[in-house]
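Okay, here's what each chain looks like letter by letter:
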Amino acid sequence: MDISKLAASIAESPTVKLNAEAAKLRAQGEAIVHFGIGEPKNKAPMSAISSAIEKLNSGEVKYAPSDGLPSLKKAIVRYTEKNYGRTIDPANVIVSDGAKHSIFNVLYALINPGDQVIILAPYWVSYPEMVKMVNGVPVIVTPADGSFYPKLSEIEKAVTPSTRAIIINSPNNPSGAIFSDELVGEIVEFCERKNIYLLTDDIYHKLIFDGKKIAPVYNFTKKDIESTNVIVINGISKTYGMTGFRVGWVVANRKLVKVMTNIQGQITTCNSPICQVAAEAALNGDQSCVDTLRDTIEKNRDTVMRELQSIPGMKVVKPQGAFYCFPDFSAFNKDSMALADFLLKKALVVTVPGKEFGMEGHLRLSYAGAPSEVADGLARIKWALDPNAPREIQIGNRKVTRDW
Ligand SMILES: Cc1ncc(COP(=O)(O)O)c(C=O)c1O
């Protein structure tokens, strides 16, 4: 079968693929520990579930407006005011099928063929592929000092007359790093001076550890919402553990929102109103579930740090937010694909090769699962890699011995 060159060039999402493989192994009875997919294990807030059920019971489940239900958009306006200190209008908001879809819509609306989009490594796996899908060119900027923080001068060097946008994601997937307010401020100022769009993917902005606070991105622009180059992307997937509801949104100027609404109207018509009322209830409801989730993953972060640091040769930077750790495994003399494969086969632990995030030598561990599972998975990694760890370990109902 002949498929288009563009479609053929798009890589499969490695995290979605690993999730499917892990589910298959689990179904075969294997005691898999899944550090692969970025998904909190907590249940959706009761208020969200009740609203969805109520909507279903009403039997009135019809098309919604393409840009989102007015009541959800109002909730997002309030959320923006509360969390970003910015007063916006519902016309500045469009609701889509998850933040992933939101990012795609922004790129589709902004990118002409050949336009370049700067992506900062390590980066979320989907950014380069999405840029390619809209005939854009991903330009990767990797910090020369081996850290997870680019310098503005490195970004500046990558800019050309074709640069149309820069994507930032802080707290970051896969590193858990948080960009300093100073760096974000510099990037905002630079983008506005050069008339480059700045997409800030804020999907983890509520999952910040150690009581740290970050300044809202709008603090760094004097421009109003209609003229700023800052475009904010957010959603309910990570903050409320509502990944399957598929609700994300964009806050941008009205013109861009209108264009994205036209695009969405031709492609999906609208996000499901069942999911939208659930999102609205999550945003408007009791927020203590967010604190509970943050506390759990912060404790998991501490377990991950403690265990990884005890493995000789392992280099690990303490994550400050999100629920990922991106340790440097280069001392173990395997490329990240081979190492992830080794850990899956020997220790039944799913990790994601760093190569997928633009940094070889690393593996990404997603630790949003139950604390006992996180501890079990770390013990297995240690068993597999640390010659000082006990030779024998329990994996599921089997005792296994290290024989390498
Ligand atoms: C950085 C980043 N942005 C966006 C998304 C997508 O979120 P959603 O489930 O809302 O599509 C993810 C999910 O893994 C992510 O890590």
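Asker: Help me understand the site of the ligand in this model?
Answerer: Every one of the 13 residues lining the ligand counts as a neighbour, but A99, D201, Y204, S237 and K238 are closest to it. Within the side chain of S237, an N or O atom sits 2.7 Å from an oxygen atom of the ligand. Contact with the protein chains covers 93% of the free accessible surface of the ligand, which is 400 Å². Grouping the amino acids of the shell around the ligand by side-chain chemistry returns five nonpolar, four polar and four charged.

Asker: What's the story with the domain arrangement of the protein chain in this structure? I'm lost.
Answerer: Quite often, the size of an interface is put as the accessible area lost when its parts meet. Looking at the assigned domains, one finds that the protein chain contains domain 1 (5-43 + 288-401) and domain 2 (46-284). Once you take the C-alpha centre of each, domain 1 and domain 2 turn out to be 26 Å apart. With 36 residues of domain 1 at the interface, the matching set in domain 2 holds 35 residues. Between domain 1 and domain 2, a total of about 2900 Å² is buried, with carbon and sulfur atoms accounting for 62% of that surface. Of all residues in domain 1, Q320, F357 and M359 give up the largest surface area on contact with domain 2, accounting jointly for 21% of the area buried on that side. Inspection of the region where domain 1 meets domain 2 yields one salt bridge.

Asker: I'm lost on the packing of aromatic side chains in this one. Help?
Answerer: Geometrically, a pair of aromatic rings is defined through the distance of the ring centres and the angle of the planes. This model, assessed by the stated rule, comprises 13 aromatic pairs. For the ring pair Y149 and F179, a centre distance of 6.3 Å and an interplane angle of 55° mean the geometry is tilted. On the criterion of sequence distance, the pair formed by Y149 in the loop between β4 (137-141) and α7 (152-158) and F179 in the loop between β5 (163-168) and α8 (181-194) is long-range, its members being 30 residues apart. Here the basic side chain of K334 rests over the ring of F342, its NZ or CZ set 4.5 Å away from the ring centre.

Asker: How do you make sense of the pairing of strand β13 (residues 392-395) when you look at a structure like this?
Answerer: Side-chain direction in a regular strand flips from residue to residue, so the side chains alternate between the two faces of the sheet. Burial along β13 is one-sided: the residues I393 and I395 are buried and none of E392 and Q394 is. In the sheet, β13 pairs with strand β14 (residues 398-401) via four bridges, with the strands oriented antiparallel. In the strand pairing of β14, I393 is matched with V400. The loop that links β13 with its antiparallel partner β14 comprises two residues; one of these, G396, has a positive phi angle of about 60°.

Asker: Looking at this structure, how should I read the pattern of salt bridges?
Answerer: If charged atoms from side chains of opposite charge come close, those side chains can pair. Under the definition given, this model contains 17 salt bridges. Across the pair R26 and E373 runs a salt bridge, and its minimum N-O distance is 3.0 Å. Here the residue R26 occupies a position in helix α2 (residues 14-27), and E373 occupies one in helix α13 (residues 371-385), the gap between them amounting to 347 residues. According to the relative accessible area criterion, R26 is partly exposed, its value standing at 38%. The residue K151 makes a salt bridge to D145 at a minimum N-O spacing of 3.4 Å. For D145, a relative accessible area of 48% corresponds to the partly exposed category. Three or more residues joined by partner-sharing salt bridges are found here, namely D210, E298, R301 and D302.

Asker: I keep staring at the nonpolar core and nothing clicks. Help me out?
Answerer: It is characteristic of soluble globular proteins that their nonpolar side chains tend to be buried jointly. Core analysis: the largest hydrophobic core is formed by 80 residues, its most contacted members being L107, L199, I231, L308, I381 and L385. Formed jointly, this core draws a minimum of three residues from each of two domains, domain 1 (5-43 + 288-401) and domain 2 (46-284). Setting aside residues up to four positions removed in sequence, L385 forms contacts with I311, M314, F329, F332, L339, F342 and L343. The next biggest cluster of nonpolar side chains, apart from the first, holds 53 residues, and it includes L120, I166, F179 and I196.

Asker: Looking at this model, I keep getting lost on the sheet that holds strand β9 (residues 324-325). Mind explaining?
Answerer: Strands belonging to one sheet form pairs held by backbone hydrogen bonds; the direction of such a pair is parallel or antiparallel. Across the sheet, three strands lie side by side as β9-β12-β11; this open sheet has antiparallel pairing. Two strands in the sheet have a free side with no partner beyond their single neighbour: β9 and β11 (352-353). Where β11 and strand β12 (residues 363-366) come together, two bridges link them in antiparallel fashion. Bridging from a neighbouring strand, P353 pairs with L363 of β12.

Cut-offs used in this document
- Residues numbered from 1 in each chain as written.
- Predicted model: local features only at pLDDT ≥ 70, side-chain atom pairs only at ≥ 80, totals over all residues.
- Heavy atoms only, no water.
- Near = heavy atom within 4 Å.
- Polar contact = N/O pair within 3.5 Å; in protein donor to acceptor, adjacent residues only side chain to side chain.
- Areas by Shrake-Rupley, 256 points an atom, 1.4 Å probe, with all protein chains shown as cover.
- Nonpolar A, V, L, I, M, F, W, Y, C, P; charged D, E, K, R; others polar.
- Domains from an automatic or database assignment.
- Contact = heavy atoms within 4.5 Å.
- Buried area = accessible area lost by both parts, 1.4 Å probe.
- Salt bridge = Lys/Arg side-chain N within 4 Å of Asp/Glu carboxyl O.
- Phe/Tyr/Trp six-rings, centres within 6.5 Å; stacked < 30°, edge-to-face > 60°.
- Helix = DSSP H or I, 4+ residues; strand = E, 2+ residues; numbered from the N terminus.
- Lys NZ or Arg CZ within 6 Å of the ring centre and 35° of its normal.
- Buried < 20%, exposed > 50% of the residue type's maximum accessible area, 1.4 Å probe, protein only.
- Pairing = 2+ DSSP bridges.
- Core = buried A, V, L, I, M, F, W, Y, C linked by side-chain atoms within 4.5 Å.

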